[in-house]
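Chain by chain, the residues run as shown.
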Amino acid sequence: MLPTTRTPAGPRRPTASREAPHARVHPAWWVAGSAALAIVVAGALTTLSGVLVGPLHTTFGWSRATVGVAVSVNMVLYGLTAPFAAALMDRFGLRHVASVALGLVATGALLTTVMTASWQFVLCWGLFVGLGSGATAATFAATVSQRWFVRARGLVTGVLTAAGVFGQFVFLPVLSWVTERHGWRPALVTAALAALAVLPLALLLLRDHPADAGLKPYGGTEFVPRPAPPRGAGRRTVRVLLGAARTAPFWLLAGVFAVCGASTNGILWSHFVPAAHDHGMSATTASTLLALIGVFNIVGTVGSGWLTDRCDPRRLLAGCFVLRGLSLVLLPALMSGTAGASLVLFAVFFGVLDVATVPPVIALCRERYGADSAIVFGWVSAAHQIGAGLMAGLGGLVRDVFGTYDPVWVGSGALCAVAALMAPAVRASPCGGRKK
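Every chain begins its residue count from 1, and numbering advances along the sequence as written. It should be noted that, the model being predicted, local features are given only for residues of pLDDT at least 70 and side-chain atom pairs only at 80 or more, the latter also being counted only at that level, while totals for whole chains, interfaces and linings use all residues. Note that water and hydrogens are dropped before the side-chain values are worked out from all heavy atoms of the structure.

Turning to the overall build of the protein, a few remarks are in order. Numbering of helices and strands runs from the N terminus; a helix is a DSSP stretch of H or I covering at least four residues, while a strand is a stretch of E covering at least two. Across its full length, the protein carries 17 helices and two strands. Every radius of gyration here is taken over C-alpha atoms, with the globule rule written as 2.2 Å times N^0.38, N being the number of residues. The C-alpha atoms of the protein give 22 Å as radius of gyration, which agrees with the globular expectation for 436 residues (22 Å, within 12%). The C-alpha extent of the protein, read off along each of the three principal axes, is 80 × 45 × 40 Å. A simple rule labels every residue: compare its accessible area, found with a 1.4 Å probe on the protein chains alone, to the largest value its type can have, and call it buried under 20%, exposed over 50%, or partly exposed in between. The burial tally for the protein puts 54% of its 436 residues in the buried class. Throughout, a contact is declared for two residues whenever any of their heavy atoms are within 4.5 Å. Once local pairs closer than 6 in sequence are excluded, the contacts in the protein between residues at least 24 apart make up 83%. To be clear on the numbers: accessible area is Shrake-Rupley with a 1.4 Å probe, and residue cover counts the displayed protein chains and nothing else. Summed over its atoms, the accessible surface of the protein is roughly 17,300 Å², and 69% of this surface lies on carbon and sulfur atoms.

What follows is the structure, encoded as C-alpha cells:
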C-alpha cells in the first residue's frame, strides 16, 4: 500500500511520489533483473535451431532448406511480433505480455518434440516459439529501460540486450551436449522447463511502471504519472509505422538493422554449427565457440551501451559494421576441424561486435521518434528479423547447391560494408525527437 499524508481538508490520500530513502536498491533494478531472467530463457530458444539442423535431417530426412523454412518463419515472426508487443505492453503491462510470451515459448518447444511432418515444425517452432521469443526481444528491453530509468538508460539497455544473448549462448553448449548424448527431444524439453520455471518469477517480480509504486524512475528528478492505457494497440502500432515510414531515418535504420540480422542471426547463429561440422568439428565444440561469442556479447553490448551514453551513436554503429564485415570475410580461411587459436580469436572479436549495434539503434530511435520510439524500434527490429530469416533460408540453399557456406560468409561481410555507409546518414529531427 502507498503511504498517506493528511491534508488540511481532512481526507487521506496517496502521496504523489514516494521515495525510499533507506532502500539500498531502487526497485527499478529489481524490475530490470526480473526482465533479464525472462529475456535469458526466451533467448535460449532462438539459437537452438542451429543445433537441430543435423538431428532433424537424420530423423526425418529433411533437407537443410526444408529446416530453413521453419527457421525463417521463426525469425520473421520474432521480428514482426516486436512492435505489437511494445504496444501491448503499453496496453496490458510488462508482466502480462512477458508471462504469455514465456508460455508460448514453452508450448512451442514441447509440441516440437511430438511433430511428425515439416509443416508441424513450421507451426510449433516457426509460429509459437517465434511469437513468444519476439515478445521478449529488444523492444522489451527498450520499454523497461525507458519506463524505469533516466540515468544509466543506455547501460541498462545494453545489459538487457546482453541478457538475451547470454541465454542464447550459455544454454547452447548444454543443449548441444544433451542433443548429442540423449537426442534433440530431451534438449527441447529442458528448454521448455526452464521457461516454465521463470514464468512465476516474472509474475512475482515484474512491475509495469514506477508510478504504480509512487516512485520516480531511477535517476529521474520528476515524478512521471502512468499514462492511461491506450486502446487499440494494433491500430496504434500500424499508425506509428505509417508515420515513421514517411521519414528517411526509419528506412535507413531498418536497412542497417536488416543487414545486422542477416549477418548474425541469419547466418552465424543458424549455420555456424553445421558449417563447422562440415570441417569435421563436433556440434558440442562448435556450440562452445558460440557460447564464447555469447560471453563477449555481454562485454560488447554493455560497453556499447556505455559508449552510446557518451558519443555519437551513428559513428559507433558504422564502426561496428566495418569490423564485423572484416571478421566475416576472414572466417572461411579460419574454419577447421578444431577450435584453434584463430577461431577462438574470431569468437572473441565477433562476440564484442555481435549485439553491440542494439544500444545505438535504440538511442537513434529514441532521439528521432520520442514517445513512440519503442514501437518504432519494434518495426526496425522486424526488419532485422526479416533480414535474418532471408539469410537463414538462403544459407541452407547455398549449402545444398554449392556444398559450402563460404559464399554466404563473404556476402554477409559485403552487406556489412553497405550498412557501415548507411549508418552515418541517419539524422535526428531538429527538436531531437517528437514529444507527446
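Next comes the rest of the account.
Interhelical geometry of helix H16 (residues 373-402) versus helix H17 (residues 406-422) gives an angle of 145 degrees and a closest axis separation of 10 Å. Residue-level inspection shows Met391, Gly395 and Val398 of H16 in contact with H17, the latter providing Pro407, Val408, Ser412 and Leu415. Under this grouping Gly is polar, as are all residues other than the nonpolar Ala, Val, Leu, Ile, Met, Phe, Trp, Tyr, Cys and Pro and the charged Asp, Glu, Lys and Arg. Looking at the contact of H16 with H17 residue by residue, the class counts come to five nonpolar, two polar and no charged. Between N-to-C directions, angles span 0 to 180 degrees; the directions come from axes that are lines fitted to C-alpha atoms, helices contributing only their stretch in contact.

Moving on, we come to the layout of surface pockets. Cavity means a closed set of points on a 1 Å grid over the protein atoms alone, one where a 1.4 Å probe fits but cannot get out, pocket means an open set with protein on both sides within 12 Å along at least 5 of 7 lines, and lining means a residue has an atom within 4 Å of a point. Grid points are joined across faces, edges and corners, and a volume is the space filled by probe spheres set on the points. Of the pockets and cavities examined, the second largest pocket occupies roughly 300 Å³. Surrounding the second largest pocket, 18 residues form its lining, Val51, Gly54, Pro55, His277 and Ala283 being those nearest its centre. Of all the elements in the fold, those that place two or more residues in the lining of the second largest pocket are helix H2 (48-60), helix H7 (153-182) and helix H11 (265-278). Considering each element in turn, the lining of the second largest pocket owes the most residues, seven residues, to H2. When grouped by side-chain class, the residues that make up the lining of the second largest pocket number seven nonpolar, eight polar and three charged.

Okay, empty space enclosed by the protein next. For the structure shown, the criterion picks out four cavities of 30 Å³ or more. As a volume, the second largest cavity reaches approximately 50 Å³. Taken together, Ser49, Gly50, Val53, Arg64, Val67, Gly68, Val71, Ser270, His271 and Ala392 make up the lining of the second largest cavity. Elements represented by at least two residues in the lining of the second largest cavity include exactly H2, helix H3 (64-92) and H11. Ranked by the residues each element gives to the lining of the second largest cavity, the list is headed by H3, at four residues. Considered class by class, the residues forming the lining of the second largest cavity number four nonpolar, five polar and one charged.

Confidence in the prediction for the protein averages 81 pLDDT; 90% of positions are at 70 or higher. How sure the predictor is of each residue is captured by pLDDT, a score from 0 to 100. Helix H10 (residues 248-262) holds the highest mean pLDDT among the elements of the protein, 93, whereas strand S2 (residues 12-14) holds the lowest, 39. Per-residue pLDDT stays below 50 along residues 430-436; that stretch engages in 14 contacts with residues further than four places along the chain or on separate chains.

Here the focus is the packing of H10 against H16. Running from N to C, H10 and H16 cross one another at 40 degrees; their axes reach a closest spacing of 7 Å. By the angle between their directions, the pair H10 and H16 is classed as oblique. Every pair of crossing elements has a handedness; the one defined by H10 and H16 is right-handed. The segment H10 lies against H16, with Phe250, Leu253, Ala254, Phe257, Ala258, Cys260, Gly261 and Ala262 engaging Val376, Phe377, Trp379, Val380, Ser381, Ala383, His384, Gly387, Ala388 and Met391. Here the contact of H10 with H16 is composed, by residue class, of 14 nonpolar, four polar and no charged. In these notes the angle categories are as follows: under 35 degrees is roughly parallel, over 145 is roughly antiparallel, 65 to 115 is roughly perpendicular, and the rest is oblique. The handedness criterion is simple: a crossing whose near helix is rotated anticlockwise from the far helix by less than a right angle is left-handed, and one whose near helix is rotated clockwise is right-handed.

Moving on, we get to the nonpolar core. Take the buried Ala, Val, Leu, Ile, Met, Phe, Trp, Tyr and Cys residues and link them wherever side-chain atoms come within 4.5 Å; each set so joined is a nonpolar core. Core analysis: the largest hydrophobic core is formed by 122 residues, its most contacted members being Phe121, Phe140, Leu268, Phe321 and Trp409. Looking at which element gives the most residues to this core, the answer is H16, with 11 residues. If we ignore the near neighbours within four places in the chain, the residues touching Trp409 are Ile267, Leu268, Phe272, Ala275, Leu328, Val329, Leu331, Pro332 and Met335.

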